[in-house]
Amino acid sequence: VALIYLPNQPYLIGTFDTTNFTNWWKSKPFPDSIEYIKKGMHVYGRKHLVIAKRTDGLWAVYLSRNYGIDWERVFLAEAGEVIYDMLLIKFGWAILNTSAGFYETVKAGTSWTKISGLPGASAVPAFCNVGNGDVILCTDGRYIWRSTNKARNWTQVCDQSLIGWRKWYKVIDQYVDSGYTW
């Protein structure tokens, strides 16, 4: 299935025709008033998840059990909490990154459990998965943290303010000293 998020619309359009893209259908409206959809993801079988910001300013995660046609709210962030991103670890298992910490679903989005707080900053918006959750990295723009146990514990691995520029680089067949260190 291909799902398309439309700007300023409370629904998605989708197609099962991923060869010619000629037969489209419109999802039913979301159960809440949506400002915009930030991200969507196939999570398992017919199930899809989306992160959306509601018109009341709250963030939520919605689940479709039927390829994106019907939607139900499965996670509602607290007032002031922002949902940054969502990673698929493996089918049915996803981790959600919010400004209050990390949440996990192992039931394709039907239930969520908080698994850890933020590693050290007030906001950790950048989030990446290296190798099916074996290594997860997150950053606040200065520090980078690594988790090797599916976002349960974090270790600081880099302070980007301490990284200089590469000192030597090769220009054709000579080396140039740029004056920076690596």
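Before reading on, note that the structure itself is shown above.
Everything quoted here is computed from the prediction, not taken from an experiment.

S.K.: Looking at this structure, I do not really get the sheet that holds strand β9 (residues 93–98). What am I missing?
M.R.: Backbone hydrogen bonds hold the strands of a sheet together, and the pairing may be parallel or antiparallel. What the four strands build is an open sheet, ordered β8-β9-β10-β11; its pairing is antiparallel. Both outer strands of the open sheet, β8 (83–90) and β11 (113–116), are each paired with one neighbouring strand and no more. Each neighbouring strand pair of the sheet contributes to a mean axis angle of 30°, computed without reference to strand direction. Two elements, strand β10 (residues 101–105) and β11, share three bridges in a ladder whose sense is antiparallel. Following the sheet pairing, Y103 is matched in β11 by K114.

S.K.: I would appreciate a short explanation of the sheet that holds strand β2 (residues 12–15) in the present structure.
M.R.: One open sheet holds the three strands; their spatial order is β1-β2-β3, and the pairing between them is antiparallel. In this open sheet, the two strands that pair with only one neighbour each are β1 (2–5) and β3 (24–26). If you compare each strand with its neighbour and ignore which way they point, the axes differ by 25° on average. Judged from the three bridges that link them, β2 and β3 form a sheet pairing that is antiparallel. The residue bridging G14 from the neighbouring strand is W25, located in β3.

Analysis parameters
- Every chain is numbered independently, its residues counted from 1 as its sequence is written.
- Note on the predicted model: pLDDT of at least 70 is required for a residue's local features to be given, and 80 or more for side-chain atom pairs to be given and counted; whole-chain, interface and lining totals, by contrast, use all residues.
- Side-chain measures were taken over the full set of non-hydrogen atoms in the model, leaving aside hydrogen atoms and water.
- At least two bridges found by DSSP between two strands is the condition for calling them paired.
- Runs of H or I in DSSP of at least four residues are treated as helices and runs of E of at least two as strands, each being numbered from the N terminus.
- Orientation is described by axes fitted as lines to C-alpha atoms, over the contacting stretch for helices, and by angles from 0 to 180 degrees between their N-to-C directions.

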